[in-house]
Structure formats: structure tokens, C-alpha cells
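# Survey of secondary and tertiary structure
Take a look at the letters that make up each chain.
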Amino acid sequence: MPKISRKQKADVGIPTGSMGDIVFLLLIFFMVTTVFVEYRGIAGIEQPRAEMTKRLEKERGIVHMWIAEDGEINIDDMTIVMSDIAGLVYPKRVAEPRLIISIIADVGAPYGTVADAMLQLREADALQVNFATLYAYAR
Amino acid sequence: MAGKRSEPEIPTASMADIAFLLIIFFLVTTSFNQEMGIGLTLPPVTEGAELQVRKKNILNIWVNAAGEILLGEEIVSLQQVEREVRRRVAENPLLIVSLKADRETDYDIFVQILDQLQKAETPKISLAEPD
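Nothing here was measured: the structure is a model prediction, and the numbers come from that model.

In this section: the environment of B:Ile96. Along the chain, B:Ile96 falls in strand β5 (residues 96-101). Setting aside chain neighbours within four positions, we find B:Ile96 in contact with B:Val53, B:Asn57, B:Ile58, B:Lys124 and B:Ser126.

In C-alpha cells, the structure reads:
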């Protein structure tokens, strides 16, 4: 029987030549998808929970309106009085026609304050609102 | 002496390291879509133009400051709202649900009822202004 010589050994190393390309691809992905947190709002707001909570389809073009338990209103990190809401939101609405106002109100906030704020939003023609809630599972 | 000429080169061996560092930075700072909630479209302000709706097509839901719910003519619990509204919408597909809460009602109760209405697939929800 002839002997089979196994002189040639397959190279088992993982090719790393394209590593840089893969890394850059990932980098570009994360650069494009990153949205930095712009606003912090009012601390200590406890959001209500709802079963029909849905994710908002967009990340940009959202104005956040915080309403604290004591009725304090804050829009994009500016504490504001009720009558000034329409004046502040309207220019934003003109700049971004598909603007969504996300109302982040505390569970204990009086509904009257929220209703007044919604009336102001209607005057500013900002009609797309989102009541910020957290997921709740069926009870 | 014109034989060998060294080609000027930028060293690229550490390129991947730099890119990895940047990746880690973006990984840490990325926050994927965190916006969640219940969406609603408000009606535009129309002065003087009041919409006339037949009384039988309106279902009123009143909520008082204590969080008690009056649906039509009966007092219901929060859990009953979905089934009750679903039944009435099935009977009358043109039904508009008008939700009127007291100024002192907790926002949480308002959202809970809105959640129930969304679950019941209410075609039209009207938010009445509190007195």
C-alpha cells in the first residue's frame, strides 16, 4: 500500500483582513440610528400603565410635554404657564407638520390640567398627541 | 541609486481598533425608540361650527373626581367598560363615545378608561371638555 503523505496542512486561521470593513459597517449603523437624549423633563413622574400601549413609529419630530402631579407643565425642558403653550408649540408645528406631542403626565395629575393643555394644543393646531404610558399586562 | 523607493503609507493596522472604540461609544449611547403610549388625534378648533349628532349615536361616559364611572345610565367598574362599550358599538356601529372626566379626576383613571376604549376598538372617541 502506498503511503499517503500529509505534508500539506490546511490553514485554519480566520481571515481578519475584512474585519475593519465589518466594524465600519456596524459603526455606520449605530451612528445613523443613535438619537441622543435631548430633554430630561420633570423628575419623579410616574407614568400610567396601559395594555394598549404602542410604540411610536418615529423618533424625531416629537415634542415632550411633562405634567407633574402638582400641575407644573414643562415643554422640552422649559417650565411654562398654561396660557403660553399654544404660543410655544405653534412655531414647532409650523416647522414640522407631522409633529407629535407626547404628553407625559403623572398618574396623580388632575385631568383638568391635561384637558386645558390639550385645548392649548388644539389652538396651536398640534393635533397628534400621544399619552405616554408604560406596558401593562392583562390583569 | 534610483532602484528602491519606499512607498509612503498610512499605517492601517490600528484602524479596526479605532473603529471598535467608536462602535462601543455608539452602542452605549444608543437608545432605541423608547417612545410609547396611546395615540390620539384631537379635533381642530372650529369656531361656531358645532357638529350635530343624533342623541342615540352618543354614549356618554362620565367620571367623577373619585374615579367612579357612569356609562350611559349605569355605574360600571373599570373592567366592565370594555365589554359594555364593545356590546354597544356592535349594536350601533355609528356610536360615538364621549368621555367626560371631572377636573379633579386623576390622570391615571382617564388613561385607564382610554385604554379600555382602545381595547374595545371604539371607532370614535370624543373627549369632552371638563366644566
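Resuming the write-up.
Counting residues in hydrophobic clusters, the biggest one holds 46 residues, and the most contacted among them are A:Met65, A:Ile67, A:Ile101, A:Ile103, A:Val114, A:Leu121 and B:Ile113. Contacts of A:Ile103, omitting those with residues within four sequence positions, involve A:Met65, A:Ile67, A:Val114, A:Val129, A:Asn130, A:Phe131 and A:Ala132.

For chain B, the average pLDDT comes to 85, and 92% of its residues sit at 70 or higher. On the interface metric, ipTM, the complex scores 0.74, and its pTM is 0.76.

This paragraph deals with the packing of helix α2 (residues 85-95) of chain A against helix α3 (residues 111-123) of chain A. Residues and elements named next belong to chain A. Running from N to C, α2 and α3 point in directions that differ by 45°, and their axes come no closer than 8 Å. When the axes of α2 and α3 are compared, the pair comes out oblique. The handedness of the crossing between α2 and α3 is right-handed. Residues Ile-85, Ala-86 and Val-89 of α2 form the contact with α3, whose own contacting residues are Ala-117, Gln-120, Leu-121 and Glu-123. Partitioned by chemical class, the residues of the contact of α2 with α3 number 5 nonpolar, 1 polar and 1 charged.

On to the packing of helix α1 (residues 19-33) of chain A against helix α1 (residues 15-29) of chain B, then. Between α1(A) and α1(B), whose axes approach to 9 Å, the crossing angle comes to 25°. If you check the angle between α1(A) and α1(B), you find them roughly parallel. The hand of the α1(A)/α1(B) crossing is left-handed. Along its contact with α1(A), which presents A:Met19, A:Gly20, A:Val23, A:Phe24, A:Leu26, A:Leu27, A:Phe30 and A:Met31, the element α1(B) presents B:Met15, B:Ala16, B:Ala19, B:Phe20, B:Leu22, B:Ile23, B:Phe26 and B:Leu27. Here the contact of α1(A) with α1(B) is composed, by residue class, of 15 nonpolar, 1 polar and no charged.

About the cut-offs
- Residues numbered from 1 in each chain as written.
- Chains lettered and ligands numbered in written order.
- Predicted model: local features only at pLDDT ≥ 70, side-chain atom pairs only at ≥ 80, totals over all residues.
- Helix = DSSP H or I, 4+ residues; strand = E, 2+ residues; numbered from the N terminus.
- Contact = placed C-beta atoms within 7 Å.
- Core = buried A, V, L, I, M, F, W, Y, C linked by C-beta atoms within 7 Å.
- Buried ≥ 20, exposed ≤ 12 C-beta atoms within 10 Å, placed from the backbone.
- pLDDT = per-residue confidence, 0-100.
- Axes fitted to C-alpha atoms, helices over the stretch in contact; angles between N-to-C directions.
- Parallel < 35°, antiparallel > 145°, perpendicular 65-115°, else oblique.
- Left-handed = near helix turned anticlockwise from the far one by under 90°.
- Nonpolar A, V, L, I, M, F, W, Y, C, P; charged D, E, K, R; others polar.

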